[in-house]
Amino acid sequence: MSHRTLTAEALVAGYERGRRVLDGASLTVPAGRRLALLGANGSGKTTLLRCLSGALEPVAGTVAVDGARLQHTRRGLRAHRQEVQLVLQDPDDQLFSASVAQDVSFGPLNLGLAEDAVRERVAEALALLGVEHLAGRPTHQLSYGERKRVAIAGAVAMRPCVLLLDEPTAGLDPSAVTEALAALERLRASGSTVVMSTHDVDLALRWADDVAVVVDRAVVQGVPADVLADDALLARARLDRPWALIVGARLRALGLLPDGALPRDAASLLAALPEGVTP
Ligand SMILES: Nc1ncnc2c1ncn2[C@@H]1O[C@H](COP(=O)(O)OP(=O)(O)O)[C@@H](O)[C@H]1O
Ligand SMILES: [Mg+2]
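Residues numbered from 1 in each chain as written. Chains lettered and ligands numbered in written order. Predicted model: local features only at pLDDT ≥ 70, side-chain atom pairs only at ≥ 80, totals over all residues. Heavy atoms only, no water.

- As recorded in an unreviewed UniProt entry, the protein chain goes by the name ABC transporter ATP-binding protein, listed as coming from Geodermatophilus obscurus.
- Its UniProt record gives the protein chain a comment under Sequence similarities (unreviewed entry), which states: "Belongs to the ABC transporter superfamily."
- Regarding the protein chain, the relevant UniProt record gives this comment under Subcellular location (unreviewed entry): "Cell membrane". (UniProt positions renumbered as here; feature names shortened; annotations may be inferred.)

## A closer look at the domain arrangement of the protein chain
Argument step 1. Segmentation of the protein chain into domains returns domain 1 (1-83 + 195-241) and domain 2 (246-279).
Argument step 2. Between domain 1 and domain 2, the C-alpha centre-to-centre distance is 32 Å. (Domains from an automatic or database assignment.)

## A look at the sheet that holds strand β1 (residues 6-16)
Argument step 1. The strand order across the open sheet built from four strands is β2-β1-β4-β5, with neighbouring strands paired in antiparallel fashion. Strand pairing shows two members of the sheet lacking a second neighbour, β2 (19-29) and β5 (68-69), which therefore form its edges. (Pairing = 2+ DSSP bridges. Helix = DSSP H or I, 4+ residues; strand = E, 2+ residues; numbered from the N terminus.)

## Some thoughts on the site of ligand 1
Argument step 1. Near ligand 1 the following residues occur: Tyr15, Glu16, Arg19, Val21, Ala40, Asn41, Gly42, Ser43, Gly44, Lys45, Thr46 and Thr47.
Argument step 2. Between Gly44 and ligand 1, the recorded distance is 3.0 Å, taken from a backbone N or O atom to an oxygen atom.
Argument step 3. One of the side-chain N or O atoms of Lys45 is found 2.9 Å from an oxygen atom in ligand 1.
Argument step 4. Coverage of ligand 1 by the protein amounts to 63% of the 560 Å² it exposes when considered alone.
Argument step 5. Secondary structure elements with two or more residues in the shell around ligand 1: β1, β2 and α1 (45-53).
Argument step 6. Per-element tally for the shell around ligand 1: the top contributor is α1, with three residues.
Argument step 7. Residue composition of the shell around ligand 1, grouped by class: three nonpolar, six polar and three charged. (Near = heavy atom within 4 Å. Polar contact = N/O pair within 3.5 Å; in protein donor to acceptor, adjacent residues only side chain to side chain. Areas by Shrake-Rupley, 256 points an atom, 1.4 Å probe, with all protein chains shown as cover. Nonpolar A, V, L, I, M, F, W, Y, C, P; charged D, E, K, R; others polar.)

## Here's the deal with the UniProt feature "domain: ABC transporter" (unreviewed entry) in the protein chain
Argument step 1. Per the UniProt record, "domain: ABC transporter" (unreviewed entry) is annotated on residues 6-241.
Argument step 2. As a span, residues 6-241 carries 38% helix and 26% strand, and end to end its C-alpha atoms are 27 Å apart.

## Overview of α1
Argument step 1. α1 sits mainly inside the fold: seven of its nine residues count as buried.
Argument step 2. Among the residues making up α1, those that are buried are Lys45, Thr47, Leu48, Leu49, Cys51, Leu52 and Ser53.
Argument step 3. Where α1 terminates, the next one or two residues include Gly54, which has phi positive at roughly 95°. (Buried < 20%, exposed > 50% of the residue type's maximum accessible area, 1.4 Å probe, protein only.)

## Description of the sheet that holds strand β6 (residues 84-87)
Argument step 1. Read from one edge of the open sheet, six strands run β6-β7-β8-β3-β9-β10, paired in mixed fashion. With one partner strand each, in any of the chains shown, β6 and β10 (218-222) form the two edges of the open sheet. Averaged over neighbouring strand pairs, the angle between their axes works out to 20° when direction is ignored.
Argument step 2. Note: strand β3 (residues 34-38) against strand β8 (residues 193-198), five bridges, orientation parallel. Residue pairing across strands places Arg34 opposite Val194, the latter belonging to β8. (Axes fitted to C-alpha atoms, helices over the stretch in contact; angles between N-to-C directions.)

## So, empty space enclosed by the protein
Argument step 1. Under the definition given, this model contains one cavity of 30 Å³ or more.
Argument step 2. Its volume calculated, the largest cavity comes out at about 50 Å³.
Argument step 3. Residue lining of the largest cavity: Val87, Leu88, Gln89, Lys148, Ile152, Leu165, Asp166, Glu167 and Pro168, and that is the complete set.
Argument step 4. Only α5 (144-156) and β7 (162-166) provide two or more residues apiece to the lining of the largest cavity.
Argument step 5. Partitioned by chemical class, the residues of the lining of the largest cavity number five nonpolar, one polar and three charged. (1 Å grid on protein atoms, 1.4 Å probe; cavity = no way out; pocket = protein on both sides within 12 Å on 5 of 7 lines; lining within 4 Å. Points joined across faces, edges and corners; volume = space filled by probe spheres on them.)

See the structure below:
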């Protein structure tokens, strides 16, 4: 598995005639970077992820992996699914087998792999998500957070170059969010480029190398510290500025923070303050 660049060019997509959810949306997911896809509820994040994964065919525009354009034929979609996998927001839309191991095996078995190879992929995927201990459990007995991780493991077992996660942290408690982010780091180290949709601007600032905001049916992309400090854009997108950028800017104005990039989370903000200011 190696990192690949996923691109979308001028996508037009929707569900009902005459009502466009996306209209000229372009996006580049650079190989190996963490990209957060931001937007208010109903802005079109899931629609964009479905176009990127091949689940929804756009009315116009293209999706490509390392320049090779996605074809919406059986063969084209099959090839695309081996490179790009989408994990749905609700794990119950994804899990359907009796046990965890069976569920995670489904994709690799469908690829026609030998039993040994399937077993190896399942073990690897469960380990990357930190859920080996759940292998024999019935999926319906798992907690919501566990089901989310198992659903991600199912996609990871396909060894995708690009993993698209629709709101992977929604509904998780803070420690489960931390664990999920650690799992995403292991996935990245193993060669998957990770895209996460979220409406949590603080999480996006803390986690992402790049952010892409779905706004007015299109996408505005850039580095988090710039995009998430653009108040006009944030207002159009119905998002707020992350707290770390608000507090950081104020502390800098008071002369308490050095020049350079503002801290992106609580720990680095406290670490950047002069001695005597922190308790
Ligand atoms: N299957 C569908 N049929 C009709 N409209 C849909 C469907 N899925 C989403 N929509 C509409 O498309 C718009 C964007 O939805 P979605 O992509 O799910 O946004 P987000 O993921 O950012 O919350 C919304 O207005 C939503 O109601
Ligand atoms: Mg959504």
